[in-house]
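Descriptive structure summary
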Amino acid sequence: MLNTLLEAFSLLSRLDSQVVAIVWLSFKVALATVTLATLIGLPFGALVAVASFPGRGAVTVFLNAMMGLPSVVVGVIVYLILSRSGPFGDMGLLYSPTAMVMAQTVLVVPLIAALTRQIVEDAWRTYATEFRSMHFSLRHSVAALLYDCRYSLVVAVLAGAGRSLSEVGAVMIVGGNIEGYTRVMTTAIALETAKGDLPLSLALGMVLLTLVLLLNTGAYHLRLWAMRKYG
Amino acid sequence: MANFFRQLIIFFCAMLLGGFAQAEESIVVSSTTSTEQSGLFGYILPRFEAKTGIKVKVVALGTGQALDTGRRGDADVVFVHDRPAEDKFVAEGWGVDRRDVMYNDFVIVGPKADASKVKGTNDVVEGFRRMAAGSAPFVSRGDKSGTNSAELRFWKDANIDPKAWADYKEAGAGMGPTLNMAAAMGGYTLSDRGTWLSFKNRQDLEIVLAGDKRLFNPYGVMLVNPAKHPHVKKEAGMKFIDWITSRDGQETIAAYKINGEQLFFPSAKN
């Protein structure tokens with residue numbers, strides 16, 4: 001165990017260009033996923049929190065349940081949809097980073113939407129009477145609440161980013177772990193473990209962990225700074 | 001602020017599209033974990049790519065899955081090692097122009113102490129009988145791969161039903177994870193020599209039986225039938241098949257060595 005760890009550190013000290021490319025792709029896929037999922041998940045989550053419609057409770061339960069959606073299941077479904085024999089086969093998207101972003105977006109949207117719903121609903125309780133007396137439209141209420149909760153919502157987005165970066169089941173199936181094209185950190189770790197190269201997979205794992213930590217540190221400080229500035 | 005966000009989003013989209021766009025021609029080859037995990041593709045593909053400018057995207061699966069990927073039309077070329085399954089694939093019209101590429105052999109790998117005394121024989125079927133009679137577990141791929149089918153053929157030849165045996169563990173995984181399991185359990189397994197040679201986490205494992213003619217492990221390559229799947233990149237795919245069976249391709253395969261040991265032996269008829 002200790003030897004493996006030491007070897008992993010020495011590997012880290014000479015990260016080659018291939019590893020850098022893998023890290024970069026992971027980052028790009030996560031960024032695209034989170035951007036898309038945020039654009040869909042935030043308004044949707046807020047809408048569920050604010051609007052009153054029949055079946056709202058069911059939608060809430062469904063969203064919360066979908067936070068635990070197994071990534072392999074999403075992988076298989078997106079695979080079947082994008083496969084040449086599937087409904088969107090002629091787009092030829094299978095085994096591409098685009099397919100990986102699509103699968104991960106399906107995974108991350110419910111996560112961001114469910115967290116957003118919770119955060120916005122709590123704020124809505126405070127403001128509901130006020131907004132009603134001001135005759136705010138639904139759109140206005142959603143926009144105002146999202147803006148008001150923006151610092152808390154960072155957590156929802158970060159949770160999405162974390163899931164996207166650490167997920168392996170879906171990207172393995174729809175991306176195919178193709179070297180130099182769809183190999184990301186998690187699939188590379190799975191491959192190196194399969195090859196019995198435990199030090200290398202541990203080294204890659206440490207890079208992944210560092211990246212996630214850096215991301216969260218950055219977000220934390222950005223939030224502190226913004227709160228100080230805009231109070 | 002809104003303007004800033006809009007610019008940010010446009011920037012992201014442009015970056016992603018630019019980053020993901022692939023200018024060069026490419027083909028998808030669905031192949032086996034043994035060719036990928038042994039490092040063979042990493043060695044031979046750069047040479048092909050430099051010669052033709054065609055990027056080869058390898059999706060490494062078990063042979064059964066690799067053939068299914070071809071059946072669904074998600075690959076242009078299939079490169080696997082299970083002759084009966086390959087012949088069926090071609091006979092059903094899913095693949096065309098199947099050619100021999102190379103071979104290596106399977107080896108039985110087990111703990112050094114060799115509690116089941118497999119080392120005492122050179123007969124693979126006898127080896128399987130001894131493993132079944134012994135107390136150490138046998139770890140099977142259990143994933144419909146080429147190695148898995150070969151293993152099941154040996155059990156059949158030995159008239160043994162492994163599933164009736166409590167120490168028969170089906171990993172449902174690639175060769176590497178299966179070796180990891182065998183190492184951890186002190187058990188036996190059947191491996192292709194290529195993956196074994198490049199496998200690093202051997203712990204107490206070593207080859208206990210090799211060299212029987214029946215352990216021959218041939219690899220074949222074929223194009224997914226463009227008549228069934230019109231989007232198959234026929235020309236680029238055939239270029240790959242032609243190259244890998246050409247003298248240059250065959251010499252490149254023969255030149256791949258780990259610790260001075262050759263992993264695959266060319267066998268194309270040209």
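Residues numbered from 1 in each chain as written. Chains lettered and ligands numbered in written order. Predicted model: local features only at pLDDT ≥ 70, side-chain atom pairs only at ≥ 80, totals over all residues.

**Points about the overall build of chain B**
The condition that has to hold: Numbering of helices and strands runs from the N terminus, with a helix taken as a DSSP run of H or I at least four residues long and a strand as a DSSP run of E at least two residues long. Residues are called buried when their C-beta atom has 20 or more other C-beta atoms within 10 Å, exposed when it has 12 or fewer, and partly exposed otherwise; all C-beta atoms are positioned from the backbone. By the convention adopted here, residues make contact when the C-beta atoms placed from their backbones lie within 7 Å.
If you tally the helices and strands in chain B, you get 11 helices and 12 strands. If you line up chain B on its principal axes, its C-alpha atoms span 70 × 55 × 40 Å. By residue count, 45% of the 270 residues in chain B fall in the buried class. Taking as baseline every contact in chain B between residues at least 6 positions apart, the subset at least 24 positions apart corresponds to 75%.

**Considering the confidence of the model for chain B**
The condition that has to hold: Per-residue confidence from the prediction method is given by pLDDT, with values spanning 0 to 100.
For chain B, mean pLDDT is 91; residues scoring 70 or higher make up 91% of the total. Reported confidence for the predicted complex is 0.81 by ipTM and 0.86 by pTM.

**What to know about unusual backbone geometry**
Its identity as a non-glycine residue notwithstanding, N177 of chain A has a phi of 55°, on the positive side. Mapped onto the fold, N177 of chain A is located in the loop between α8 (169-175) and α9 (185-194). Located in the positive-phi region is K144 of chain B, a residue other than glycine, with phi close to 60°. By the element assignment, K144 of chain B lies in the loop between β5 (138-140) and α7 (146-157).

**Comments concerning the interface of chain B and chain A**
Our working definition: Nonpolar residues are Ala, Val, Leu, Ile, Met, Phe, Trp, Tyr, Cys and Pro. Charged residues are Asp, Glu, Lys and Arg, and all others, Gly as well, are polar.
With 24 residues of chain B at the contact, the number on the chain A side is 21 residues. Among the elements of the structure, α1 (2-20), β2 (55-61) and α8 (175-185) of chain B are those that each provide at least two residues to the side of chain B that touches chain A. Broken down by element, the side of chain B that touches chain A gets its largest block of residues, five residues, from α1 of chain B. Residues belonging to the side of chain B that touches chain A are distributed by class as follows: 10 nonpolar, 10 polar and four charged.

**Structural notes on the pairing of strand β7 (residues 189-192) of chain B**
Residues and elements named next belong to chain B. We apply this condition: By the convention used here, strands pair only if DSSP detects at least 2 bridges between them.
With burial as the criterion, each face of β7 is covered, one bearing T189 and S191 and the other bearing L190 and D192. In this structure, strand β4 (residues 95-111) lies alongside β7, joined through four bridges in antiparallel fashion. Opposite I108, over in β7, you have L190 as the bridge partner.

**Structural notes on the packing of helix α2 (residues 17-50) of chain A against helix α5 (residues 97-133) of chain A**
All names here are of chain A. Selection criterion: A fitted line through C-alpha atoms serves as each axis, taken over the contacting stretch for helices, and the angle formed by two N-to-C directions is quoted from 0 to 180°. Two helices cross in a left-handed way if the nearer one is turned anticlockwise from the farther one by less than a right angle. They cross in a right-handed way if the turn is clockwise.
In the contact formed by α2 and α5, the axes pass within 5 Å of each other and the chain directions differ by 35°. Our pair here, α2 against α5, has a crossing hand that is right-handed. Class assignment for the residues of the contact of α2 with α5 results in 23 nonpolar, seven polar and two charged.

**Concerning α2 of chain A**
Quick reminder of the rule: Each residue after the first adds 1.5 Å to the expected span of a helix. Consider a residue and the seven residues that end there alongside the seven that start there; fitting an axis to each set, the bend is the angle between those axes.
Spanning 34 residues, α2 of chain A covers 48 Å between terminal C-alpha atoms, matching the ideal 50 Å at 1.5 Å per step. Maximal helix bending in α2 of chain A amounts to about 30°, located at T38 of chain A.

**Here's the deal with the environment of L197 of chain B**
All names here are of chain B. Of note, L197 is situated in helix α9 (residues 193-198). Note on L197: 19 C-beta atoms within 10 Å, which makes it partly exposed. Taking the C-alpha atoms as reference points, L197 and N259, 62 residues apart in sequence, are found 8.6 Å from one another. Leaving out residues up to four positions away in the same chain, L197 has contacts with S38, I258, E261 and L263.

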